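A closer look at the structure
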Amino acid sequence: MKTLPDDSTFAERVQQLHPSIVPADCTAGLGASARQDRALLEQLLVSLREQYPAAGHRYWSTRLWLLATWQACYLSVAAVDENRVLNLSQLRQAVRNNSVYGYDFTEMPGCGAGDRVANLRANAEGLRAFVDRCFDAVSNTIKLCRANSYGLIADTLNLALIRAYQLQHGAVLLRDSQLWAQSAALTDRHGIALSHIRFRQRQPQLLRASCCRHHLTGYDAALYCKDCPLIRRRLKTTAPANTENKVLTHELKPYPHTRY
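Now for a quick tour of the structure. (Residues numbered from 1 in each chain as written. Predicted model: local features only at pLDDT ≥ 70, side-chain atom pairs only at ≥ 80, totals over all residues. Heavy atoms only, no water.)

**Looking at the overall build of the chain**
The condition that has to hold: Where helices and strands are cited, they refer to DSSP runs of H or I of at least four residues and of E of at least two residues respectively, numbered from the N terminus. In this scheme, a residue with accessible area under 20% of its type's maximum is buried, one over 50% is exposed, and one in between is partly exposed, where area comes from a 1.4 Å probe on protein chains only. Should any heavy atoms of two residues lie within 4.5 Å, those residues are considered in contact. Accessible surface area values rest on a Shrake-Rupley calculation with a 1.4 Å probe, where residue burial reflects the displayed protein chains alone.
For the chain, the count of helices and strands is eight helices and eight strands. A burial count over the chain gives 50% of its 260 residues as buried. A separation threshold of at least 6 residues defines the contact pool for the chain, and within that pool the share at least 24 residues apart is 69%. Entry remark: accessible area of the chain is about 12,800 Å², with carbon and sulfur atoms responsible for 48%.

Structure below.
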């Protein structure tokens, strides 16, 4: 199993961003071969259908997409802090317990150029290529909504950036968020980032671009992530001019947990 030069430093940095992302033996995981990827994606899809039979196609496809891509976002953000440029075509991911967590690399990623912005752009371009490959692979398993899928990548990146900022890893949060969006082409046709971060009471807050569809699972089906874009759309169309959003948000019972 190979992770990175100075394995322990990089692994520690990644786990600070998300504790589930750990070095693992991924010989039989996603990324080992195209044939194996197809089999594993089919296996995960069957598990999702069995576990959430009432959730439907929109949830199954969205969840499968997140499982295949979420770790790469966090790894890429950590690589910038560690002055590394990842080759995500060499990334393998462990599939276990009907989920995806744990990683290794078939070849050691190289050192960056030393310039943080240049490293960020290089990792963002590599992430975009990885995401495009994943979209094709997952789309061959189940039909995906491209707009929602790429919006979820932008959201996941911003969640990782917020965590890095909270850990004081040297990130200039709003600037980095914009650089990632531009360099990974996670923008709309007007060049505006798909996902945004704002500060409220000096704390960073994600304005999600896309919906994870968790509310379709049948478990507390009326509940949404606290920052779900569906809530914002409902507030925009139903809130009286003199009504504060926080009141209606409470009435909509926002889901208290953030996934990835």
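**Some points on the layout of surface pockets**
Keep this limit in mind: Both cavities and pockets are sets of points on a 1 Å grid over the protein atoms alone; in a cavity a 1.4 Å probe fits but cannot get out, in a pocket the set is open with protein on both sides within 12 Å along at least five of seven lines, and lining residues sit with an atom within 4 Å of a point. Grid points are joined across faces, edges and corners, and a volume is the space filled by probe spheres set on the points. When residues are grouped by polarity, Ala, Val, Leu, Ile, Met, Phe, Trp, Tyr, Cys and Pro land in nonpolar, Asp, Glu, Lys and Arg in charged, and all others, Gly among them, in polar.
Roughly 360 Å³ of internal volume is contained in the second largest pocket. Lining the second largest pocket are 17 residues, with Gly 31, Asp 37, Arg 133, Cys 134 and Ala 137 positioned closest to its centre. Counting only elements with at least two residues in the lining of the second largest pocket, the list comes to helix H2 (34-51), strand S2 (91-96) and helix H4 (116-139). Take the lining of the second largest pocket: its biggest share by element is five residues, from H4. Its residues placed into classes, the lining of the second largest pocket shows 10 nonpolar, four polar and three charged.

**Looking at helix H3 (residues 57-81)**
How we decide: Residue count minus one, scaled by 1.5 Å, sets the expected span of a helix. The bend reported for a residue corresponds to the angle between axes fitted to the seven residues ending at that residue and the seven starting there.
Between the first and last C-alpha of H3 there are 37 Å, a value that for 25 residues agrees with the 36 Å anticipated at 1.5 Å per step. The axis of H3 is deflected most strongly, by about 40°, at Thr 69. A large share of H3 lies buried, amounting to 23 of its 25 residues.

**What about the packing of H2 against H3?**
The cut-off we apply is this: Think of each axis as a best-fit line through the C-alpha atoms, taken over the contacting stretch in the case of a helix, with angles from 0 to 180 degrees between the N-to-C directions. Each angle receives one of four descriptions, namely roughly parallel if under 35 degrees, roughly antiparallel if over 145, roughly perpendicular if within 65 to 115, and oblique otherwise. Left-handed describes a crossing whose near helix is turned anticlockwise from the far helix through less than a right angle; right-handed describes the clockwise counterpart.
Between H2 and H3, whose axes approach to 10 Å, the crossing angle comes to 135°. As far as their axial angle goes, H3 and H2 are oblique. Between H2 and H3 lies a crossing whose hand is right-handed. Contact with H2, carried on its side by Leu 41, Leu 44, Leu 45, Leu 48 and Arg 49, involves Tyr 59, Trp 60, Arg 63, Leu 64 and Leu 67 of H3 and no other residues of that element. A breakdown of the residues in the contact of H2 with H3 according to their chemical character gives eight nonpolar, no polar and two charged.

**Brief notes about the nonpolar core**
One broad trend across soluble globular proteins is that nonpolar side chains are buried collectively. Rule in force here: Among buried residues, the Ala, Val, Leu, Ile, Met, Phe, Trp, Tyr and Cys ones that are joined through side-chain atoms within 4.5 Å form a nonpolar core.
Among the nonpolar cores identified, the biggest contains 69 residues, and Trp 65, Tyr 103, Leu 127 and Trp 180 are the most heavily contacted of them. Broken down by element, the residue count for this core peaks at 16 residues, all from H3.

**Comments concerning the packing of aromatic side chains**
We apply this condition: Centres within 6.5 Å are what make two rings of Phe, Tyr or Trp a pair, Trp counting through its six-membered ring; a difference in plane orientation under 30 degrees is then read as stacked, over 60 as edge-to-face, and the rest as tilted.
Tallying each qualifying case throughout the model produces eight aromatic pairs. Measuring from centroid to centroid gives 5.2 Å for Tyr 52 and Tyr 59, while their planes differ by 75°, and the two rings are edge-to-face. Like Tyr 59, Tyr 52 is buried. With a centroid separation of 5.7 Å and 50° between ring planes, the pair formed by Phe 135 and Tyr 150 is classed as tilted.

**Some words on the packing of H4 against helix H5 (residues 146-166)**
Between H4 and H5, the shortest axis-to-axis distance is 12 Å and the interhelical angle comes to 140°. Considering the relative orientation of H4 and H5, their crossing is right-handed. Along the contact surface, H4 presents Leu 127, Arg 128, Val 131, Asp 132 and Phe 135, while H5 presents Arg 146, Ser 149, Tyr 150, Ile 153 and Leu 157. Of the residues that constitute the contact of H4 with H5, the class distribution is six nonpolar, one polar and three charged.

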